[in-house]
Amino acid sequence: MKVFVLIERRADYSRYRPILARMKEDPFFDIYLVVTGICLLDLHGKDVNYIENDGFVINAKIPMFKEGNPDTGAEMVRSMARVLEGVTNELEASKPDLVLSGFDIGGNFAVTIAAAHMNIPVAHIQGGEVTGSIDESIRHAMSKFSHIHFPATQDAKNRLIRLGENPKDIYVTGCPSIDILVNTPYLPKEELEKEFDVDFSKPFLLMIQHPVTTEAKSSLDQIKETIQAIKSKGVQAIVLLPNNDAGHTDIIDEIKNSGLKWLPSLSTIKFVNLYRNAWALIGNSSSGIHETPSLKIPAINIGNRQMGRERAANVIDVPNDQLFIEKAIEKALFDEDFRRFVREIENPYGVGNSAETIVNLLKKIDLKQVSIQKVFYEEQ
C-alpha cells in the first residue's frame, strides 16, 4: 500500500512519527512523505532536520509560508492555496493508494481536499473532536472529505456519526502522540538539567501557548497575562515558541523579551524527556489535553483554544487573566492533594498503542471496498 503523508508542524509530526516508524519497518507499506509548513522555517526550529535525523526519507518539500509575510488570517488562506497546488502535483505524480491525513491544520486540510477530488481514499486521524477556534471548522470539514476515520475516543466517534459518517468506516484508535511518550528512550535527568539549566527537584513549568485564530488581535494581551503570572510566582519555566497561526508574531516577540527561557523547537527525544520531568504544562496546546494525563501531571489550560474538548480531570481551565492563572499555578504545583489525585487518573485518549492499531487496520481494510462517493449516514 502506497501511503501519502504530509507533515506541517511539530504537533502533527509527533502524532505521525510512531505510525511512520511502524510503516517503515513493514514491507506492506510504501511511504510517500511530504514536508511543508513551519517545518521548513528557521524561525520555528526547522523541524525538517529532526524528521531526516529520525531516518525518514522525504520525497518532497513544499514551501507553504513566506518569511516576512503578514501575520494575518488572509495570509493563512494564501498559504493553504500554495500548499494545495503543491500537494495536488505530488498526488498526481506519486499516485498513492491512500492519503493518511490528520487533525485540524491547513496543510492536512489541503491534501484531504485534493485527494477527495482525485478519487484517492483518505483516512483521517482524530476526527470528531471539539477544539474551538477555526481549528474545529477545519477538523469537521476534513472529516466530510475523508472516507476512513481513526478518532481517538468513543465520544469523537459518536460525533462523527452525528456528522453523517457511516459507523462501519469509523475505528476508535486513541491518540498516537501518547505512543511517543510511552516509547521514547529515557535520557539522564542530570544531562537534561545541565543542558537546559533547570532543577527538576523544584517546581518547573513547560509552557506552550499558541495564538487563537478567532482572537488574533488579542494575542499580545493574552500572552502578557500568562508570562506575568509565571514571573510573579517565581517558578522555573521553559517556553516553546508557538505555531504561526494569525497572531503569532506578538506572542513570539513577547516571549523573546520576557526573560523566560525559550526554545524554537526540540528533537522528539529531548522534548519528551523535558516533558516527563515537568511539574505541569501551561498554555493552550492540545498536548495539555491529550498527553498530560499519561504523564500524571496537571495541565493549566488557558483561554478558548481547547474549548469543549474532552479532557481528564487533571486539566485546570482558566481565562486569559493573570490572577486566575496564578491561582491555577498554585494548585498545579503546590496543592499536594490535587497532585496525588492527578497521579491516579486515566487518559481518555488511550494507553500508547494507537500507531499499532492504525497500522494493523490499514493492512486489513480493503481499499477496493471503500466508497469514494460519500453518502450522509442517518441512523435508523
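The structure reproduced in this document is the subject of the present report. (Residues numbered from 1 in each chain as written. Predicted model: local features only at pLDDT ≥ 70, side-chain atom pairs only at ≥ 80, totals over all residues. Heavy atoms only, no water.)

Some points on the sheet that holds strand E9 (residues 261-263)
The strand order E9-E8-E7-E10-E11-E12 describes an open sheet built from six strands, whose pairing is parallel. The outermost strands of the open sheet, each flanked by one partner alone, are E9 and strand E12 (315-318). Ignoring strand direction, the axes of neighbouring strands in this sheet form an average angle of 20°. Alignment of strand E7 (residues 204-208) against strand E8 (residues 236-240), held across five bridges, turns out to be parallel. What sits directly across from isoleucine 208, in E8, is leucine 240. (Pairing = 2+ DSSP bridges. Helix = DSSP H or I, 4+ residues; strand = E, 2+ residues; numbered from the N terminus. Axes fitted to C-alpha atoms, helices over the stretch in contact; angles between N-to-C directions.)

Side note on the pattern of salt bridges
If you walk through the whole model with that rule in mind, you get 20 salt bridges. Here lysine 168 and aspartate 169 are joined by a salt bridge, their closest N and O atoms 3.3 Å apart. The residue lysine 233 makes a salt bridge to glutamate 330 at a minimum N-O spacing of 2.6 Å. Of the two residues, lysine 233 sits in helix H9 (residues 219-233) while glutamate 330 sits in helix H14 (residues 322-334), which places them 97 residues apart along the sequence. We classify glutamate 330 as partly exposed; its relative accessible area is 35%. Through salt bridges with shared partners, a single ionic network connects Glu8, Arg9 and Asp245. (Salt bridge = Lys/Arg side-chain N within 4 Å of Asp/Glu carboxyl O. Buried < 20%, exposed > 50% of the residue type's maximum accessible area, 1.4 Å probe, protein only.)

Re unusual backbone geometry
The residue lysine 95 is not glycine, and still its phi comes out positive at about 50°. In this structure, lysine 95 sits in the loop between helix H3 (73-94) and strand E4 (98-102). At lysine 296, a position not held by glycine, the phi torsion is positive, near 60°. A relative accessible area of 32% places lysine 296 in the partly exposed class.

Quick word on H3
Between its first and last C-alpha atoms H3 spans 31 Å; for 22 residues at 1.5 Å apiece the expected length is 32 Å, and the two agree. Looking only at H3, the buried set comprises Glu75, Met76, Ser79, Val83, Gly86, Val87, Glu90, Leu91 and Ser94. Projected down its long axis, H3 shows its buried positions confined to an angular sector of 140°, all on one face. Exposed positions of H3 whose direction lies more than 90 degrees from the buried face are Val77, Glu85 and Glu92. The inward-facing, buried residues of H3 abut strand E1 (2-7), strand E2 (30-36), strand E3 (60-62), E4 and helix H4 (106-117). Two residues or fewer past H3, lysine 95 is found with a positive phi of approximately 50°. (Expected span 1.5 Å × (residues − 1). Arc of directions from axis to C-beta. Contact = heavy atoms within 4.5 Å.)

Considering the packing of aromatic side chains
What the rule picks out here adds up to eight aromatic pairs. Where phenylalanine 271 meets tyrosine 275, the ring centres are 5.3 Å apart and the plane angle is 50°; that geometry is what we call tilted. Here the residue phenylalanine 271 and the residue tyrosine 275 both occupy positions in helix H11 (residues 268-276), the gap between them amounting to four residues, near one helical turn. You can call tyrosine 275 buried: its relative accessible area is 1%. A cation over a ring is seen here: arginine 276 above tyrosine 186, with NZ or CZ 3.8 Å from the ring centre. (Phe/Tyr/Trp six-rings, centres within 6.5 Å; stacked < 30°, edge-to-face > 60°. Lys NZ or Arg CZ within 6 Å of the ring centre and 35° of its normal.)

Regarding the sheet that holds E4
Across the sheet, six strands lie side by side as E3-E2-E1-E4-E5-E6; this open sheet has parallel pairing. Of all the strands in the sheet, just E3 and strand E6 (148-150) have a single pairing partner and so form its edges. Neighbouring strand axes in the sheet, compared pairwise and without regard to direction, differ in orientation by 25° on average.

Looking at the pairing of E8
Burial of E8 is extensive: four of the five residues sit out of reach of the surface. Pairing of E8 with E9, which is carried by three bridges, proceeds in the parallel orientation. Residue valine 239 lies in a different strand from E9, and its bridge partner there is tryptophan 262. The β-α-β motif built from E8, the intervening helix H10 (residues 248-256) and the parallel element E9 has right-handed crossover chirality. (Right-handed = clockwise from strand over helix to strand, strands pointing away.)

Considering helix H1 (residues 10-24)
Relative to the 21 Å expected for 15 residues at 1.5 Å per residue, H1 spans 19 Å between its end C-alpha atoms, a close match to the ideal helical length. Along H1, the helix axis deviates most sharply at tyrosine 16, where the bend reaches about 40°; the proline proline 18 sits within four residues downstream. Residues of H1 that are buried include every one of Asp12, Tyr13, Arg15, Tyr16, Pro18, Ile19, Leu20 and Met23, and no others. (Bend = angle between axes of the 7 residues up to and from the residue.)

Quick look at the nonpolar core
Counting 52 residues, the largest nonpolar core has Leu205, Ile230, Ile282 and Ile329 as the members making the most contacts within it. Among all residues touching isoleucine 282, those that are not within four sequence positions of it are Leu205, Leu206, Met207, Ile208, Thr226, Ile230, Ile300, Ile302, Ile325 and Ile329. Ranked by size, the runner-up nonpolar core spans 32 residues in total, among them Val3, Val5, Ile365 and Leu367. (Core = buried A, V, L, I, M, F, W, Y, C linked by side-chain atoms within 4.5 Å.)

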